[in-house]
Amino acid sequence: SAFVSFGEELDHSLMLGYAQTFMEKLVAKLQATQHRGVREEAITSIAVIAGVIEKDFSRYYDSIMPMLKQFILHAKGEKEGRLRGKAF
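Residues numbered from 1 in each chain as written. Predicted model: local features only at pLDDT ≥ 70, side-chain atom pairs only at ≥ 80, totals over all residues. Heavy atoms only, no water.

With that out of the way, let us pick up the side chain of Ser-45. One can find Ser-45 in helix H3 (residues 36-53). Its relative accessible area of 7% is what places Ser-45 among the buried residues. Excluding anything up to four places from it in sequence, Ser-45 contacts Phe-3 and Leu-26. (Helix = DSSP H or I, 4+ residues; strand = E, 2+ residues; numbered from the N terminus. Buried < 20%, exposed > 50% of the residue type's maximum accessible area, 1.4 Å probe, protein only. Contact = heavy atoms within 4.5 Å.)

Following this line, the structure appears as structure tokens:
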């Protein structure tokens, strides 16, 4: 996705300045939609943020991990394998 390509090129300090807003939007999207593709892209975007800000992602860990665990537990269908994989 465009965000993945863009986000991976940002330096730590720049991404850190926007991480809170991005995370709020992505978590809201994850909570509001049942669309598998949208969820996959949101999780991928969260992973990009985590990869760029590294140890500073710890502030989001406690709020995001329970949601990702729920995706893993409830995504049992054959078509949901990719969603499960991204949630790991």
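The next thing to look at is unusual backbone geometry. Phi is positive for Glu-54, close to 50 degrees, though the residue is something other than glycine. Judged by its relative accessible area of 55%, Glu-54 is exposed.

What follows concerns the packing of helix H2 (residues 12-32) against H3. Interaxial distance between H2 and H3 falls to 10 Å at its minimum, and their mutual angle equals 155 degrees. With respect to their mutual orientation, H2 and H3 come out roughly antiparallel. Between H2 and H3 lies a crossing of left-handed hand. On H3, the residues touching His-12, Met-15, Leu-16, Ala-19, Phe-22, Met-23, Leu-26, Lys-29 and Leu-30 of H2 are Val-38, Arg-39, Ala-42, Ile-43, Ser-45, Ile-46, Val-48, Ile-49, Val-52 and Ile-53. Its residues assigned to classes, the contact of H2 with H3 shows 15 nonpolar, two polar and two charged. (Axes fitted to C-alpha atoms, helices over the stretch in contact; angles between N-to-C directions. Parallel < 35°, antiparallel > 145°, perpendicular 65-115°, else oblique. Left-handed = near helix turned anticlockwise from the far one by under 90°. Nonpolar A, V, L, I, M, F, W, Y, C, P; charged D, E, K, R; others polar.)

Attention shifts here to the pattern of salt bridges. Under the defined criterion, the tally for this structure stands at one salt bridge. We note a salt bridge from Arg-36 to Glu-40, for which the minimum N-O separation is 3.7 Å. Remark: Glu-40 and Arg-36 occur in helix H3; sequence separation between them is four residues, near one turn of the helix. Using a relative accessible area of 35% as the deciding quantity, one classes Arg-36 as partly exposed. Take Glu-40: its relative accessible area is 8%, and that puts it in the buried class. (Salt bridge = Lys/Arg side-chain N within 4 Å of Asp/Glu carboxyl O.)

The subject of this paragraph is the packing of aromatic side chains. Where two aromatic rings form a pair, the distance of their centres and the angle of their planes describe that pair. In total, this model carries three aromatic pairs according to the counting rule given. Geometrically, the ring pair formed by Phe-3 and Phe-22 is edge-to-face, given 5.1 Å between the ring centres and 75 degrees between the ring planes. Taken as a pair, Phe-3 in helix H1 (residues 2-7) and Phe-22 in helix H2 lie far apart in primary sequence, 19 residues in all. Judged by relative accessible area, Phe-22 falls into the partly exposed class, the value being 25%. Both rings, one in Phe-57 and one in Tyr-60, keep their centres 5.7 Å apart while their planes meet at 50 degrees; by these two values the pair is tilted. According to the relative accessible area criterion, Phe-57 is buried, its value standing at 10%. (Phe/Tyr/Trp six-rings, centres within 6.5 Å; stacked < 30°, edge-to-face > 60°.)

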